[in-house]
Amino acid sequence: MKIGFIGLGNMGGPMAANLARAGHEVWVFDLVRAHIDEAVAAGCHGAVDAASALDGCAAAISMLPAGEHVRGLWLEQARLSAMPAGALVIDCSTIDVASARAVGEAARERGLRFVDAPVSGGTAGARAGTLTFIMGGEATDVEAAKAVLAPMGQSLLHAGPLGAGQIAKMCNNMLLAIHMAGTAEALALGVREGLDPAVLSAIMGKSSGNNWSLERYNPWPGVMENAPASRGYQGGFMTRLMVKDLGLAMALAEHAKSPVPLGALARSLFLLHAQGGFEALDFSSIQQLYGGQIEG
Ligand code: NAD
């Protein structure tokens, strides 16, 4: 299938490579030339701009930082018109519900199908093709999206109508922020009282405090070989993107009139951490907020 792929960052780059590896003809574009070159080296075709990447594609995927980028891509410069009638647009970015709905409705008005499909699983999941896709849209469109997304994901889940994927993703990331901060806090406490962080992680991993941040994405440097913490918090999921997601969750909570005291606290913690010079590092670097004497 001819697929257009826009946004080749920490997530989009390895995702596009997996699509090409599965035998699809993948046309890619990113504002950063080096990202296009890497995707081409992985078997994709480089395009000079977004419209050329989308031209004649049966499906298109966007993986951009935030709602403004997704709206800019799909609602300006008539890029939806570059695609043939009935083509499937899948936005995998984590964005506000209103933007997802606006793009979805614009796509439908032009005779295209749209699914919001934010992901979970981090850069390791993107590389391994084991992401969880959390989808919002019509059941038939979601079924069609599953066929396109299969080479990149292990769990392909339908949350509900247009925008529901984003709502579920925001709930998930608010919980992720809370358990990452809690994990960092518990590790710092144990280490200050003389425990080895790897031993403490193994104990909590077999106890009731176990969670994804501890078990799969340990924030303490050196505890887990493949985690961003063990490579200077490079790559991964940038703190500024987590702050963005927590802002989206707060807006959702305001809309729903749902109390989120722990989410609000986590947002303040990650914002403080971002402003301390960590915004471009992986969000698990929140570990460093718990004390400068903690060494990698
Ligand atoms: P990133 O900043 O590494 O990548 C974004 C890419 O989009 C960059 O390469 C940038 O140059 C490109 N870009 C921006 N505007 C563009 C435009 N108009 N046209 C073409 N390219 C453009 O971010 P990421 O970590 O890959 O995250 C992407 C999305 O996925 C975000 O919404 C994020 O919240 C979400 N997400 C990230 C992770 C993670 O672990 N990194 C996990 C789940 C979800």
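As recorded in an unreviewed UniProt entry, the chain goes by the name 3-hydroxyisobutyrate dehydrogenase, listed as coming from Aeromonas simiae. Looking at the chain in UniProt, the text filed under Catalytic activity (unreviewed entry) is "3-hydroxy-2-methylpropanoate + NAD(+) = 2-methyl-3-oxopropanoate + NADH + H(+)". Quoted verbatim from the Sequence similarities (unreviewed entry) field of the UniProt record, the comment on the chain reads "Belongs to the HIBADH-related family."

Trainee: Looking at this structure, I do not really get helix 5 (residues 97-109). What am I missing?
Mentor: Three- or four-residue spacings in an α-helix give side chains the same orientation, since the helix completes a turn every 3.6 residues. If you check helix 5, its first and last C-alpha atoms are 18 Å apart, about what 13 residues at 1.5 Å a residue would give, namely 18 Å. Those residues of helix 5 that fall on the buried side of the exposure criterion are Val 97, Ser 99, Ala 100, Val 103, Gly 104 and Ala 107. The buried residues of helix 5 occupy an angular sector of 165° when the element is viewed end-on, so they sit on one face. Relative to its buried face, helix 5 has exposed residues pointing more than 90 degrees away, namely Glu 105 and Glu 109. Next to the buried residues of helix 5 lie helix 4 (67-75), strand 5 (88-91), strand 6 (113-116) and helix 8 (164-192).

Trainee: Can you help me understand the environment of Asp 245 in this one?
Mentor: Tracing the sequence through the fold places Asp 245 in helix 11 (residues 239-256). Given 25 C-beta atoms within 10 Å, Asp 245 falls into the buried group. In sequence terms Asp 245 and Asp 96 are 149 residues apart; their C-alpha atoms lie 8.7 Å from each other. Residues contacting Asp 245, with those up to four places away along its chain left out, are Thr 94, Met 170 and Asn 173.

Trainee: Can you help me understand helix 8 in this one?
Mentor: Between its first and last C-alpha atoms helix 8 spans 42 Å; for 29 residues at 1.5 Å apiece the expected length is 42 Å, and the two agree. The first or second residue beyond helix 8 is Gly 194, which carries a positive phi of 95°.

Trainee: Got a minute to help me understand the environment of Gly 205 in this structure?
Mentor: Locating Gly 205 in the fold gives a position in helix 9 (residues 197-205). A residue is classified by how many C-beta atoms lie within 10 Å of it, and Gly 205, with 14 of them, is partly exposed. Separated by 95 residues in sequence, Gly 205 and Arg 110 have C-alpha atoms that sit 50 Å apart. The residues touching Gly 205, leaving out its near neighbours within four places in the chain, are Asn 210, Leu 214 and Glu 215.

Trainee: Looking at this structure, I do not really get the domain arrangement of the chain. What am I missing?
Mentor: By convention, interface size is frequently given as the accessible area that disappears when the constituent parts associate. According to the domain assignment, the chain consists of domain 1 (2-161) and domain 2 (167-290). Between the C-alpha centres of domain 1 and domain 2 there is a distance of 27 Å. With 13 residues of domain 1 at the interface, the matching set in domain 2 holds 15 residues. In terms of residue count, the dominant contributor to the side of domain 1 that touches domain 2 is helix 6 (residues 122-128) (three residues).

Trainee: Looking at this structure, I do not really get the packing of helix 8 against helix 12 (residues 261-278). What am I missing?
Mentor: To describe two helices that pack against each other, one gives the angle between their axes and the distance between the axes. Running from amino to carboxyl end, helix 8 crosses helix 12 at an angle of 65°, the nearest separation of the two axes being 9 Å. Relative to helix 12, the element helix 8 is oriented roughly perpendicular. Relative to helix 12, the crossing made by helix 8 is left-handed. The segment helix 8 lies against helix 12, with Met 174, Ala 177, Ile 178 and Ala 181 engaging Leu 262, Gly 263, Ala 266, Leu 269 and Phe 270. Class assignment of the residues belonging to the contact of helix 8 with helix 12 gives a composition of eight nonpolar, one polar and no charged.

Reading guide: rules and limits
- Residues numbered from 1 in each chain as written.
- Predicted model: local features only at pLDDT ≥ 70, side-chain atom pairs only at ≥ 80, totals over all residues.
- UniProt positions renumbered as here; feature names shortened; annotations may be inferred.
- Helix = DSSP H or I, 4+ residues; strand = E, 2+ residues; numbered from the N terminus.
- Expected span 1.5 Å × (residues − 1).
- Buried ≥ 20, exposed ≤ 12 C-beta atoms within 10 Å, placed from the backbone.
- Arc of directions from axis to C-beta.
- Contact = placed C-beta atoms within 7 Å.
- Domains from an automatic or database assignment.
- Axes fitted to C-alpha atoms, helices over the stretch in contact; angles between N-to-C directions.
- Parallel < 35°, antiparallel > 145°, perpendicular 65-115°, else oblique.
- Left-handed = near helix turned anticlockwise from the far one by under 90°.
- Nonpolar A, V, L, I, M, F, W, Y, C, P; charged D, E, K, R; others polar.

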